[in-house]
Amino acid sequence: MFSGSVATAIAALLGIASVQFVMTERDSGNVFIGRVPLWIVEIILPIGFLIVAFRLWKHASYSRTGRAVVAFLVE
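Only a predicted model underlies this, so the values are computations on that prediction, with no experimental measurement involved.

As a further point, take the overall build of the protein chain. Check the secondary structure of the protein chain and you find four helices and zero strands. Reading the protein chain from its N terminus to its C terminus gives the helix and strand order α-α-α-α. Taking 11 Å as the expected radius of gyration for a compact globule of 75 residues, we find that the protein chain reaches 16 Å, considerably beyond that expectation. For the protein chain, the C-alpha atoms occupy an extent of roughly 50 × 15 × 15 Å along the three principal directions. For the protein chain, the residues scored as buried account for 20% of the 75 residues in total. At a minimum sequence separation of 6, the contacts of the protein chain that also span at least 24 residues come to 62%.

In structure tokens, the structure reads:
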């Protein structure tokens, strides 16, 4: 459970950092191709990291109690 909680915490922190990154890119107004804003393309980063964090949390333990402990440790 310890390694699962550490991996989940790292993935969650990367997800939060990528949300902040996308928000700063949104304010910059950069364009990817044509009229598509760059932040639209980069929004896959926080989505991917948060999916990975959820999957790591889900597989950190087989019991609900273990997952609750992992969620508590990540928090």
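There is more to say after this.
Once that is clear, we can look at the packing of aromatic side chains. Within this structure, the stated rule accounts for one aromatic pair. Seen in terms of ring centroids, F54 and W57 are 5.7 Å apart; in terms of plane orientation they differ by 40 degrees. Their pairing is tilted. Of the two residues, F54 and W57 are both situated in helix 3 (residues 44–58); the distance of three residues between them amounts to about one turn of the helix. Between R26 and the ring centre of W39, over which it is positioned, the NZ or CZ distance is 5.0 Å.

The rules behind each value
- Residues numbered from 1 in each chain as written.
- Predicted model: local features only at pLDDT ≥ 70, side-chain atom pairs only at ≥ 80, totals over all residues.
- Heavy atoms only, no water.
- Helix = DSSP H or I, 4+ residues; strand = E, 2+ residues; numbered from the N terminus.
- Rg over C-alpha atoms; globule rule 2.2 N^0.38 Å.
- Buried < 20%, exposed > 50% of the residue type's maximum accessible area, 1.4 Å probe, protein only.
- Contact = heavy atoms within 4.5 Å.
- Phe/Tyr/Trp six-rings, centres within 6.5 Å; stacked < 30°, edge-to-face > 60°.
- Lys NZ or Arg CZ within 6 Å of the ring centre and 35° of its normal.

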